[in-house]
Amino acid sequence: MPYAMQEKVVVKGLYKIFGPEPDRALELLDQGLSKDEIFERTRTTVGVQNAEFAIREGEVFVIMGLSGSGKSTLVRMLNRLIEPTRGQVLIDGHDITQMGKKALIELRRSVVSMVFQSFALMPHKSVVENAAFGLDVSGVPKPDQRAQAMRALETVGLAPYADSYPDELSGGMKQRVGLARALATEAPILLMDEAFSALDPLIRTEMQDELVRLQNTEAHTIVFISHDLDEAIRIGDRIAIMEGGGIVQIGTPEEIVTHPANDYVRSFFYGVDVSKVFNAGDIAADDALTVFERTGVNVRAALAQLRDRDRMLGVVIDRGRRYRGMVSVNSLGTAARHGSEAQWEAAFIKDVAPAPADMELSDVLSRVAASDYPVPVVAADGRYLGIVDKTILLQTLDKTT
C-alpha cells in the first residue's frame, strides 16, 4: 500500500494509569517495577507505559497484543476518549493533550474518526441517515449531509441500499455502514478498534479486502487494533506488538517474522504461513551474474564472462537495469554459432518469464516448482530486482520454524 513519508501521528512517552495512585505508579515504573508488582503495591493498573511511535500519512498501522496488553487503551488516547496520564500525542504537529474542549470536539469531528467493533447503527434511521450521523451531530446542513453520506456509501459499495434500514442488511453490510459513517466526515485519520472481529470469517476477509481497496484508491491514515495475526499481515503496512502496556516491537510483517525482538513476539508469529507475509520482491536475491546489454558487449562477450566467473546462468539487463532475458552457457554458445551477427533474442532461454515484485509467495512457489531455472523478479517499471530459486524459497519457508 503506497503512503507518503510525512509523519501524521507522533506519540511520545505516553502513559495511562488507572486507579487511586497514578503518581506513585509512575514512580514505581521509573524504578523498574513490573505492571503486576505495581498493582500488588498500589491497587493501581498500568494501562499503557512509555508508548513511543510515529505513524506515516496514508499508512495502515496495526496494533496487536494479548487481552489486557493495552492496545484498546492506547488507540483511545489518540483522540482522548481516554485521557493520557503522561506524554504527548501530536497530530499534524499539534499536541492534542493540550487542546481545550472546543478544539478537541472539532478534532473528533473533522480530523479523527473512529470505527468500533459494534456496528452501533440506529434501527429507526435509514442507511444513509446512519452514515450521515456524525455530520448531523457536527451541524452540517441536511442537503450536504446526504451528499457526503452518499459519497461514502458509494465508496463502500452500499449506495443502492441508502434508503434501506439496518435490519435489512447482513452483518458485513452493517459494518460497511459503520465504515461509511467514518468516511463521510472526510476525516484523514481512522481509528479502528477490532472493527471486523465480530464478523464471520468470510465476511471479515471481504472487509479486509475492502479496506485494502479503499487504501489503494483514497488512502487514509489508519490505526487498526486487532488480535488476528492473519488480519494484521493482510492489511498492515507496519505492526506494533504490545505486552504489559508497553510496545515491544514495531516493524513490517516481514521484519517481525524474520527478526522477532523476543520470545513473546516470536510466539505470535511462530508457524505463521509465510506465503501471507512475503511476496516475490521481498525474497528476490541478486545472486545471478548480470550482463549489461550495451555497445561492446555481445553474445560472445557474455559467454566469456560466464565462463570466467564459472557461472552456468546469467541475467541480461539494459542500462536502466530493466530485465531483458536470462541466458546460459549453452544458450549463448548456440547463439554464438551465428557469428558476429548473433542477436540477444536468440540467446535468451525460452519460457523464462519474469515475476512481478508483488506476486504472492504461493504463486512464486508454483512458478519456481514448474521451472528448470530461477525465476527473475522485476519491479513495476521493469527494473530487475533479483532471482528466486528453490534454495531461496527453502530459506524463506524456514524462517518461522
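Residues numbered from 1 in each chain as written. Predicted model: local features only at pLDDT ≥ 70, side-chain atom pairs only at ≥ 80, totals over all residues. Heavy atoms only, no water.

## Examining the overall build of the chain
- Per the secondary structure count, the chain includes 18 helices and 16 strands.
- Projected onto the principal axes, the alpha-carbon positions of the chain cover approximately 85 × 60 × 35 Å.
- Sorting the 401 residues of the chain into buried and exposed places 51% on the buried side.
- Across the chain, every contact between residues at least 6 apart in sequence was considered, and the portion connecting residues at least 24 apart equals 66%. (Helix = DSSP H or I, 4+ residues; strand = E, 2+ residues; numbered from the N terminus. Buried < 20%, exposed > 50% of the residue type's maximum accessible area, 1.4 Å probe, protein only. Contact = heavy atoms within 4.5 Å.)

## Some points on the nonpolar core
- Counting 63 residues, the largest nonpolar core has L179, M192, F224, I241, F269 and V388 as its most contacted members.
- Sort the elements by how many residues they give to this core and helix α8 (residues 171–184) lands first, with seven residues.
- Among the domains, domain 1 (57–87 + 102–275) and domain 2 (290–398) are the pair contributing at least three residues each to this core.
- Residues V48, F61, I91 and M114 belong to the second largest nonpolar core, which totals 28 residues. (Core = buried A, V, L, I, M, F, W, Y, C linked by side-chain atoms within 4.5 Å. Domains from an automatic or database assignment.)

## Overview of the side chain of T221
- Along the chain, the position of T221 falls in strand β8 (residues 221–226).
- If sequence neighbours within four positions are ignored, T221 has contacts with K8, I55, R56, E57, G58, E59, P188, I189 and L190.

## Looking at the sheet that holds strand β7 (residues 189–193)
- Across the sheet, which stays open at both edges, the six strands sit in the order β6-β7-β8-β3-β9-β10 with mixed pairing between neighbours. If you trace the sheet from one side to the other, it starts and ends with β6 (112–115) and β10 (246–251), each paired once. Here the average twist between neighbouring strands, direction ignored, is 20°.
- For strand β9 (residues 238–243) and β10, the ladder comprises five bridges, and the chain directions are antiparallel. Considered in β10, the bridge of I241 is made with Q249. (Pairing = 2+ DSSP bridges. Axes fitted to C-alpha atoms, helices over the stretch in contact; angles between N-to-C directions.)

## Considerations on the environment of E59
- Summarising the element assignment, E59 is placed in the loop between β2 (45–56) and β3 (60–65).
- Accessibility expressed as a relative area gives 0% for E59, which makes it buried.
- Each C-alpha atom, one on E59 and one on Q215, is 8.7 Å from the other, the two residues being 156 residues apart in sequence.
- Polar contacts involving the side chain of E59 include one to the main-chain amide nitrogen of R56, which spans 2.8 Å.
- Among the polar contacts made by the side chain of E59, one reaches the side chain of R238 at a distance of 2.4 Å. (Polar contact = N/O pair within 3.5 Å; in protein donor to acceptor, adjacent residues only side chain to side chain.)

## Some points on α8
- When the terminal C-alpha atoms of α8 are compared, their 20 Å separation across 14 residues agrees well with the 20 Å that a helix rising 1.5 Å per residue should span.
- Within α8, twelve of the 14 residues are buried, which leaves the element mostly enclosed by the surrounding structure.
- Of the residues making up α8, those classed as buried are G172, M173, Q175, R176, V177, G178, L179, A180, R181, A182, L183 and A184.
- Each element contacted by the buried residues of α8 is listed here: β6, α5 (127–131), α6 (133–137), α7 (142–155), β7 and α9 (201–217). (Expected span 1.5 Å × (residues − 1).)

## So, the packing of helix α1 (residues 22–30) against helix α2 (residues 35–42)
- It is the contact of α1 with α2, at a shortest axis distance of 10 Å, that shows an interaxial angle of 140°. Regarding the angle of α1 to α2, the classification is oblique. In terms of crossing hand, the pair formed by α1 and α2 is right-handed. Between α1 and α2, the residues in contact are R24, A25, L28 and L29 and I38, R41 and T42, respectively.
- Taken together, the residues that form the contact of α1 with α2 break down as four nonpolar, one polar and two charged. (Parallel < 35°, antiparallel > 145°, perpendicular 65-115°, else oblique. Left-handed = near helix turned anticlockwise from the far one by under 90°. Nonpolar A, V, L, I, M, F, W, Y, C, P; charged D, E, K, R; others polar.)

## Considering the domain arrangement of the chain
- Domain parsing of the chain yields domain 1 (57–87 + 102–275) and domain 2 (290–398).
- Distance from the C-alpha centre of domain 1 to the C-alpha centre of domain 2: 43 Å.

## Describing the sheet that holds strand β12 (residues 313–317)
- The sheet built from three strands is open, its strands ordered β11-β12-β13 with mixed pairing. At either end of the open sheet lies a strand with only one pairing partner, and these are β11 (289–292) and β13 (323–328). When the angles between neighbouring strand axes are averaged without regard to direction, this sheet yields 30°.
- Here helix α14 (residues 299–308) sits on the sheet and contacts β11, β12 and β13; the angle it forms with β11, its principal contact strand, is near 160°.

## Thoughts on the pattern of salt bridges
- The tally for this structure, following the rule as stated, stands at 16 salt bridges.
- Put simply, E210 and R176 hold a salt bridge, and the shortest N to O gap is 3.2 Å. Placement of the pair is E210 in helix α9 and R176 in helix α8, with a sequence separation of 34 residues.
- Residue E210 is classed as buried on the basis of its relative accessible area of 9%.
- Judged by relative accessible area, which is 15%, R176 ranks as buried. (Salt bridge = Lys/Arg side-chain N within 4 Å of Asp/Glu carboxyl O.)

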